[in-house]
Amino acid sequence: MKLLVAIVQDADASRLSKALSKAGYSATKLASTGSFLREGNTTFLIGVEDQELAEVRGTIAEHCRTRTRLLTPSVPLSQAPDPFLAQALEVQVGGAVVFVLEAEDFFRI
Ligand code: 2BA
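Below you will find a few notes about this structure. (Residues numbered from 1 in each chain as written. Predicted model: local features only at pLDDT ≥ 70, side-chain atom pairs only at ≥ 80, totals over all residues. Heavy atoms only, no water.)

Here we come to the site of the ligand. Residues in close proximity to the ligand include Ile7, Gly34, Ser35, Phe36, Leu37, Asn41, Val91, Gln92, Val93, Gly94, Val97 and Phe99, which together make up its full environment. Leucine 37 places a main-chain nitrogen or oxygen 2.9 Å from an oxygen atom of the ligand. Asparagine 41 is positioned with one of its side-chain polar atoms (N or O) 3.0 Å from an oxygen atom of the ligand. In the complex, the protein chains occlude 53% of the 750 Å² of accessible area that the ligand would expose alone. (Near = heavy atom within 4 Å. Polar contact = N/O pair within 3.5 Å; in protein donor to acceptor, adjacent residues only side chain to side chain. Areas by Shrake-Rupley, 256 points an atom, 1.4 Å probe, with all protein chains shown as cover.)

Have a look at this one:
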């Protein structure tokens, strides 16, 4: 059994949640924050059997889009010690960042 830890953009979280549920997978959503952009994202915990991994991976890929974010400079050009620091920075976010962990056991009490 595997435990997927999938970090997705908030904009994709609802559609992914519905798709997983429709396909019969249980998931837990945690509100999280990316350390680089310091923006909210959503972390899914999804427990799956080994043979279900490919389908869930496909569902995540289908519903999580890559987006471009433009980071505005934190210092104005006139005050920047290096002009590079005053440039807007373009970063690509997602589709999703997924960790696959081996789950030793699963039980409900
Ligand atoms: P953030 O940390 O807010 O990162 C957002 C995007 O910024 C990243 O997209 C990446 O394209 C870029 N980025 C991150 N750190 C950077 C850096 N030091 N220099 C330049 N660009 C940088 P994704 O890679 O798609 O990551 C989306 C979110 O997934 C991240 O949000 C973070 O919450 C999580 N994440 C990504 N890699 C992770 C890791 N190795 N461990 C834990 N969480 C991770």
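Take the environment of alanine 13 next. Residue placement: alanine 13 occurs in helix α1 (residues 10–22). Among the residues examined, alanine 13 registers a relative accessible area of 5% and is labelled buried. Measuring from C-alpha to C-alpha, the distance between alanine 13 and glutamate 62 comes to 12 Å, with 49 residues separating the pair along the chain. The contacts of alanine 13, once residues within four sequence positions are left out, are Val8, Thr42 and Phe44. (Helix = DSSP H or I, 4+ residues; strand = E, 2+ residues; numbered from the N terminus. Buried < 20%, exposed > 50% of the residue type's maximum accessible area, 1.4 Å probe, protein only. Contact = heavy atoms within 4.5 Å.)

The four strands are arranged β2-β3-β1-β6 in an open sheet whose pairing can be described as antiparallel. Of all the strands in the sheet, just β2 (28–33) and β6 (96–102) have a single pairing partner and so form its edges. On average, each strand axis in the sheet is inclined to that of its neighbour by 20°, with strand direction left out of account. Note: strand β1 (residues 2–9) against strand β3 (residues 40–48), eight bridges, orientation antiparallel. Bridge assignment links leucine 3 to a residue of β3, and that residue is glycine 47. Where α1 meets the sheet, its contacts fall on β1, β2 and β3, and the angle it forms with β3 comes to roughly 20°. Against the sheet, helix α2 (residues 53–63) contacts β1, β3 and β6, and its axis sits at roughly 5° relative to β1. (Pairing = 2+ DSSP bridges. Axes fitted to C-alpha atoms, helices over the stretch in contact; angles between N-to-C directions.)

Position of threonine 42 among the secondary structure elements: in strand β3. Relative accessible area serves as the criterion here: at 10%, threonine 42 is assigned to the buried category. Only 2.7 Å separates the side chain of threonine 42 from the side chain of aspartate 10, close enough to count as a polar contact. Once you skip the residues sitting within four places of it in the chain, threonine 42 turns out to touch Ala6, Ile7, Val8, Asp10, Ala13, Lys29, Leu30 and Ser32.

Time to look at α1. Here α1 spans 19 Å end to end across 13 residues, near enough to the 18 Å set by a 1.5 Å rise per residue. Taken together, the buried positions of α1 are Asp12, Ala13, Leu16, Ala19 and Leu20. Turning to α1, the residues buried within the fold contact β1, β3, α2 and β4 (67–71). Glycine 24 lies just past α1 and shows a positive phi near 90°. (Expected span 1.5 Å × (residues − 1).)

In the sheet, β2 pairs with β3 via six bridges, with the strands oriented antiparallel. Looking at the pairing, leucine 30 lines up with threonine 43 of β3. Here β2 folds back onto β3 in antiparallel fashion, the turn holding six residues, of which arginine 38 has a positive phi close to 55°.

Keep in mind these numbers describe shape, not what the thing actually does.
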